[in-house]
Amino acid sequence: MSNATQLIHSIPVDPLTGAISVPIYQTSTYVQEAPGVNKGYDYARSNNPTRGTLESIIAQLEKGSVGIAFGSGLAAIDAVVKLLKSGDEILAVDDIYGGAFRLFTHIYEKFGITVNYVDTTNAENVFNAITQNTKLIWLETPTNPTLKVSDIEAIAKIAKAHSCLLCVDNTFASPALQQPLSLGADIVVHSATKYLGGHSDLIAGLVVAKEKELGEKIKFIQNASGAILAPFDSWLVIRGIETLHLRVQQHCRNAQAVAEFLETHPAVDKVFYPGLKTHLKHGIAKKQSKGFGGIVSFTLKNDTEEAATAFVSNTKYFKLAESLGGVKSLLCHPAQMTHKSIPSEKRKAAGVADSLIRLSVGLEEVEDLVADLEQTFAKLKEASKDFVTSISA
Ligand SMILES: *Cc1c(COP(=O)(O)O)cnc(C)c1O
């Protein structure tokens, strides 16, 4: 059975009515026959059948034993950090999602949890940075927005040898391309807002634990802290997941073509896409994932915020917005948007140049997307002498 068939049939037909779409149980509580005598549901923060179905689908999709659904990707990350206690240390990828950085630094450091950031693209750096207090290794691969790739299997071995948990934020790859639990990770988190939801119409987060016991602990945190996903949003994520394989295949095809086009354009300096042979970790990306995803970043030869601003304000199909993973193509300028809170020197050191532009390549016809980028370059060349000078320089 192919992965897509397996996925589509992991979404159950309603046993009560035969409904082919998962019913939305829009309820806060459940009537009991006698105190404590119920049908397995007592209060909707603890359990909801629609959310429960999503949790079971994502657990199967990520090859784990327990899935847990949250009101946002950050709530999912928050629940994983709550496994730790004061004095514990997190070892995290240096090019981490900005919201995770903010959560670790501004919320958890004051509770005595420290975070050490390293360049995880070299597994040796992880090995060297582990201390007695390291309890959790936090990876994102590929990262945002520079598409750095880390070797999940190699880092999982290091984590195991030091008895720490390995959690992978699998948002960019999605389980259609990469299954970290099969490569040795203990926990996977998702911003389901992105590819799993897939239609830019909700905020949601998911956690999957490989082992049941660990999953039960996170489930306990979900109920105790309360950041659950609502029934309707759970249904939306299920609906998104139904077409995940199909969408992701097309995202990959389109992104590869866009990246190859950008690589040949004279106004472009660097292109970041794991599917390009020039990508530093192309080999590892190829080994651990079935495809390279829908995100492409690039810098301009005219490496200024002004040039990037002009570019992102002149595309037709690529809409200027934060977020990614939806049907419509989006683009953003991290230096002024997602990475604005990071001081300029620190941002540049992390590889986020002034002119870096991130594309979330959508599901339009790829010829139209390439033509859109082409017309934007042409328009800017005509409008600005600076742009022309830098192109011919
Ligand atoms: C968007 C994102 C998050 C945060 O998810 P929200 O659903 O916005 O809370 C976490 N990790 C990555 C990699 C993301 O892209």
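### Details of the side chain of Lys194
Move 1: Relative to the elements of secondary structure, Lys194 occurs in the loop between strand 6 (187–191) and strand 7 (205–209).
Move 2: For Lys194, which is buried and forms no salt bridge, the nearest opposite charge comes from Asp169, at a distance of 7.5 Å.
Move 3: Beyond its immediate chain neighbours, meaning those up to four positions away, Lys194 contacts Thr171, Ser323, Leu324 and Gly325.

### Focus: the site of the ligand
Move 1: For the ligand, the set of nearby residues contains 14 residues, the closest of which are Gly73, Asp169, Ser191, Thr193 and Lys194.
Move 2: Between the ligand and Lys194 there is a distance of 2.8 Å, counted from an oxygen atom to a side-chain nitrogen or oxygen.
Move 3: In isolation the ligand exposes 380 Å². Once the protein is present, 91% of that is buried.
Move 4: A per-element tally of the shell around the ligand places helix 3 (residues 73–81) first, with 3 residues.
Move 5: When its residues are assigned to classes, the shell around the ligand shows 6 nonpolar, 5 polar and 3 charged.

### Concerning the sheet that holds strand 8 (residues 268–272)
Move 1: Reading across the sheet, the 5 strands line up as 8-9-12-11-10 and stay open at both edges, with mixed pairing between neighbours. Bordering the open sheet on either side are strand 8 and strand 10 (319–320), each of which pairs with just one other strand.
Move 2: Where strand 9 (residues 295–300) meets strand 12 (residues 357–360), 4 bridges bridge the pair, whose relative direction is antiparallel. When the bridges of strand 12 are listed, Ser297 appears paired with Arg358.

### Focus: the pairing of strand 5 (residues 165–169)
One face of the sheet, then the other: side chains in a regular strand alternate in exactly this way.
Move 1: The buried fraction of strand 5 is high, at 4 of 5 residues.
Move 2: Strand direction decides the pairing type here: strand 4 (residues 134–140) and strand 5, joined by 5 bridges, are parallel. If you follow Trp138 over to strand 5, its bridge partner there is Cys167.
Move 3: With helix 6 (residues 152–161) bridging strand 4 and its parallel neighbour strand 5, the resulting β-α-β unit is right-handed.
Move 4: Bridge analysis of strand 5 against strand 6 gives 3 bridges, and the strand direction is parallel. Looking across to strand 6, one finds that Asp169 is bridged to Val189.

### Details of the sheet that holds strand 5
Move 1: Pairing is mixed in the open sheet, where 7 strands are placed in the order 1-7-6-5-4-2-3. Of all strands in the sheet, those bounded by a partner on one side alone are strand 1 (66–70) and strand 3 (114–118). Neighbouring strand axes in the sheet, compared pairwise and without regard to direction, differ in orientation by 20° on average.
Move 2: Of the strands in this sheet, strand 1, strand 2 (89–93), strand 4, strand 5, strand 6 and strand 7 touch helix 3, which is tilted by about 155° from strand 6.
Move 3: Contacts between helix 7 (residues 212–225) and the sheet are confined to strand 1, strand 5, strand 6 and strand 7, with strand 1 contributing the most and set at about 20° to the helix.

### A word on the packing of helix 11 (residues 305–312) against helix 13 (residues 366–383)
Move 1: Where helix 11 meets helix 13, the closest approach of the two axes is 9 Å, and the angle between their N-to-C directions is 130°. The angle between helix 11 and helix 13 falls in the class oblique. Here helix 11 and helix 13 pass one another in a crossing that is right-handed. Facing Ala307, Ala310 and Phe311 of helix 11, the residues of helix 13 in contact are Leu373, Thr376, Phe377 and Leu380.
Move 2: Of the residues contributing to the contact of helix 11 with helix 13, the split by class is 6 nonpolar, 1 polar and no charged.

Rules of the game
- Residues numbered from 1 in each chain as written.
- Predicted model: local features only at pLDDT ≥ 70, side-chain atom pairs only at ≥ 80, totals over all residues.
- Heavy atoms only, no water.
- Helix = DSSP H or I, 4+ residues; strand = E, 2+ residues; numbered from the N terminus.
- Buried < 20%, exposed > 50% of the residue type's maximum accessible area, 1.4 Å probe, protein only.
- Lys, Arg positive; Asp, Glu negative; His and termini not counted.
- Salt bridge = Lys/Arg side-chain N within 4 Å of Asp/Glu carboxyl O.
- Contact = heavy atoms within 4.5 Å.
- Near = heavy atom within 4 Å.
- Polar contact = N/O pair within 3.5 Å; in protein donor to acceptor, adjacent residues only side chain to side chain.
- Areas by Shrake-Rupley, 256 points an atom, 1.4 Å probe, with all protein chains shown as cover.
- Nonpolar A, V, L, I, M, F, W, Y, C, P; charged D, E, K, R; others polar.
- Pairing = 2+ DSSP bridges.
- Right-handed = clockwise from strand over helix to strand, strands pointing away.
- Axes fitted to C-alpha atoms, helices over the stretch in contact; angles between N-to-C directions.
- Parallel < 35°, antiparallel > 145°, perpendicular 65-115°, else oblique.
- Left-handed = near helix turned anticlockwise from the far one by under 90°.

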